[in-house]
Amino acid sequence: MDLFMMNCELLATCSALGYLEGDIYHKEQDCLESVKDLIRYLRHEDDTRDIRQQLGAGQILQNDLLPIITQHTEDKPLFDACIRLMVNLTQPALLCFGKVPDDPAFRHHFLQVTSYLQAYKEAFADEKVFTVLSETLYNLLQLGWEERAEEHNLLIERILLLVRNVLHIPADPYEEKNVDDDASVHDKLLWALHMSGLDDLLKFLACAQSEQKWSFHILEIISLMFKDQTPEMLVNAGQMRSAEEKQKDADELELLRRKELAAKRCRNLQRGNRHSRFRGSYVIEGLKSIGEKDVIFHQGLHNFMNYSHDVGKGVRRVPKRKQIARDSERQRRSALNVRLFLREFCIDFLENCYNRLMYLVKILQNLIILLRVSQFFPVHSTTMADTTWRIPCKGTNQLIQLAFSKEDLIRERAQQHDETYYLWALTFFMAFNRGQNYRPDLVSETMSIRTFHFIERNITNYYEMILTDRKGATSWYRRSVNTCAPL
């Protein structure tokens, strides 16, 4: 988007934030009010997300917001407002538009917003930014429940959402043409997260009994951290390669060399494009045609390797609903230091956090399901923040009492299909445990009959949705594959 087309009021608001002189950012007196105005502008943007695109073209996040939170952390109201604005700016493009637009004009806007998000991700790959976020989150977690106010909980949630949004931004395949063992933007982001100590805070939030309300956010962040990795690759990280692996790589390289030489030899035998009436005809013995006679081949011998009975036939069009869904996720080998860090993270997570986090997420998922189908009766409590919900269980006379925040239940932070993160974690960490000196006690929570029943129920549900929801069949197919992966 052209900067000269920026709205005058929006341009004046951005100018009132401050300016960067060298490495020092000087904020204006109306900086806080300007940030609040930008939040209000984003709330009233049109379907093309014009405000979001103008702010992305002006690089407001890179040149203003990030320097503000790193250099003016002591200004708490301004810091909170900037975090709130960055959470809004970094939300996925798919969430902004609802779906990938079919209209060419809206598709252009969708790709434009995605390109700005990729620029944001590159700007966040800075240790200073994650150090500020980590220190702020650490100070908030040090507060006891009697000292922690509602604005503190909101800031904790916004920091986790900001980290999740940044990790969710997809890589640009045209810009990041890195080979394996090279550091991509996502690897740099993970390394900055590790050097700031935020990974230790995530593990604390996953296992702390008083912080169980953030279970879904933690599971999302962990799944996005490992989105380019495989369990086998992390298990073998840092280990010496065996003679068999070296021989296997040498054989693959020799096979590729032979294929290249064969293709080069075939190109040398190729004749010109001019048609030759003296190319001859050949009888292929042992290969029958439609009748009882052998096939007669009317081309040169150098084209015989590409012969097929389907040559000359029209390609049968496969309906879109019957096409196999293409896997858009890519897997690559990250830099060695990043793989070693992720490997240690997996080991610590399995030993200290896995069983508890998976149990809490499963309980929250069942709670959300019951919220939609059951009648609830809130019980009076001493505080409005903590309300005990009595959930009638079908087939029993007991009432399950689960103490969660009333605001959490009303907001329904667990979306309708957040079980995909649960199933991903189940598949990934159980595979890692199998490769890393298999210990059943570390994954005992997901080795129960309840887990198998949960998987079977989701498979049945997804299969029915594939048959009924034709437009979203591809999405349901991906979910079904993700559900079958643990088996």
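In the block above lies the structure referred to throughout.
Let me sum up the structure you'll find in this document. Residue positions are counted from 1 within each chain, in the order its sequence is given. At least 70 in pLDDT is required for a residue's local features to be given in this predicted model, at least 80 for side-chain atom pairs to be given and counted, and no such filter applies to totals for whole chains, interfaces and linings, which use all residues. Side-chain numbers come from the whole structure's heavy atoms, not from hydrogens or water.

**Side note on the overall build of the protein chain**
Okay, step 1: Of regular secondary structure, the protein chain possesses 20 helices and seven strands.
Okay, step 2: Counting all 487 residues of the protein chain, 40% fall into the buried class.
Okay, step 3: In this analysis, two residues are considered to be in contact whenever any of their non-hydrogen atoms come within 4.5 Å of each other. Within the protein chain, contacts between residues separated by at least 24 positions form 71% of all contacts whose residues are at least 6 apart in sequence.
Okay, step 4: Every accessible area reported is derived by Shrake-Rupley at a probe size of 1.4 Å, with residue values counting cover from the shown protein chains alone. For the protein chain, the accessible area works out to roughly 29600 Å², and carbon and sulfur atoms hold 53% of it. Helix and strand definitions follow DSSP, with helices as H or I runs of at least four residues and strands as E runs of at least two, each counted in order from the N terminus. A 1.4 Å probe rolled over the protein chains alone gives each residue an accessible area, and that area as a share of the maximum for its type sets the label: buried under 20%, exposed over 50%, partly exposed in between.

**Describing the nonpolar core**
Okay, step 1: By nonpolar core we mean a set of buried residues, namely Ala, Val, Leu, Ile, Met, Phe, Trp, Tyr and Cys, connected to one another through side-chain atoms within 4.5 Å. One finds Met-225, Phe-226 and Phe-429 to be the most contacted residues of the largest nonpolar core, which totals 100 residues.
Okay, step 2: Sequence-distant contacts of Phe-429, that is, excluding residues within four places in its chain, are made with Ile-222, Cys-346, Phe-349, Leu-350, Tyr-354 and Trp-424.

**Some remarks on helix H19 (residues 449-468)**
Okay, step 1: A rise of 1.5 Å per residue sets the reference length of H19, with its 20 residues, at 28 Å; its end C-alpha atoms lie 29 Å apart and thus fit the reference within 8%.
Okay, step 2: Within H19 the residues assigned to the buried category are Thr-451, Phe-454, Ile-455, Asn-458 and Tyr-462. The buried side chains of H19 occupy one side of the element, clustering within an arc of 95 degrees when seen end-on. Across H19 from its buried face, at more than 90 degrees, point the exposed residues Ile-449, Tyr-463 and Thr-468. Expected span, for any helix, means 1.5 Å times one less than how many residues it has. By definition, the arc is the one covered by directions from the helix axis to the C-beta atoms.

**Regarding unusual backbone geometry**
Okay, step 1: Residues other than glycine seldom take positive phi values, yet Arg-49 does so here, at roughly 55 degrees.
Okay, step 2: Locating Arg-49 in the fold gives a position in the loop between helix H2 (31-43) and helix H3 (50-57).
Okay, step 3: For Gln-59, which is not glycine, the phi torsion reads 55 degrees and is therefore positive.
Okay, step 4: Looking at the element boundaries, Gln-59 is found in the loop between H3 and helix H4 (60-71).

**Considerations on H3**
Because each turn of an α-helix spans 3.6 residues, side chains separated by three or four positions end up pointing in the same direction.
Okay, step 1: Of all eight residues making up H3, seven are buried, and the element is well covered by its neighbours.
Okay, step 2: Taken together, the buried positions of H3 are occupied by Ile-51, Arg-52, Gln-53, Gln-54, Leu-55, Gly-56 and Ala-57.
Okay, step 3: Contacts made by the buried residues of H3 are with helix H1 (8-15), H2, H4, helix H5 (76-89), helix H6 (93-97) and helix H7 (104-124).
Okay, step 4: Positioned one or two residues after H3, Gln-59 has a phi angle of 55 degrees, which is positive.

**Brief notes about the packing of H2 against H3**
Okay, step 1: Each axis is a line fitted through C-alpha atoms, taken for helices only over the stretch in contact, and angles between the N-to-C directions span 0 to 180 degrees. H3 packs onto H2 with a crossing angle of 135 degrees between their chain directions and a minimal axis gap of 8 Å. Between H2 and H3, the angle is such that the two are oblique. Every residue of H3 that contacts H2 at Leu-38, Tyr-41 and Leu-42 is listed here: Ile-51, Arg-52 and Leu-55. If an angle is under 35 degrees, it is roughly parallel; if it is over 145, roughly antiparallel; if it lies from 65 to 115, roughly perpendicular; otherwise it is oblique.

**Topic: the packing of helix H9 (residues 150-168) against helix H12 (residues 215-225)**
Okay, step 1: Direction vectors running N to C along H9 and H12 enclose 25 degrees, while the axes themselves pass 9 Å from each other. What the angle tells us is that H9 and H12 run roughly parallel. In the crossing of H9 with H12, the sense of the turn from one axis to the other is left-handed. Of the residues in H12, those in contact with Glu-157, Leu-160, Leu-161, Val-163, Arg-164, Leu-167 and His-168 of H9 are His-217, Ile-218, Glu-220, Ile-221, Leu-224 and Met-225. By convention the crossing between two helices is left-handed if the near helix lies anticlockwise of the far one by an angle smaller than a right angle, and right-handed if it lies clockwise.

**Some remarks on the pairing of strand E2 (residues 24-27)**
Okay, step 1: Only strands that DSSP links by at least two bridges are regarded as paired with each other. Sheet topology note: the strand E1 (residues 18-21)/E2 ladder contains four bridges and is antiparallel. Residue pairing in the sheet places Glu-21 in a bridge with Ile-24 of E2.
Okay, step 2: Counting the residues in the hairpin turn of E1 and E2 gives two residues, including Gly-22, whose phi is positive at 70 degrees.

These results come straight from atomic positions and should not be treated as a statement about function.
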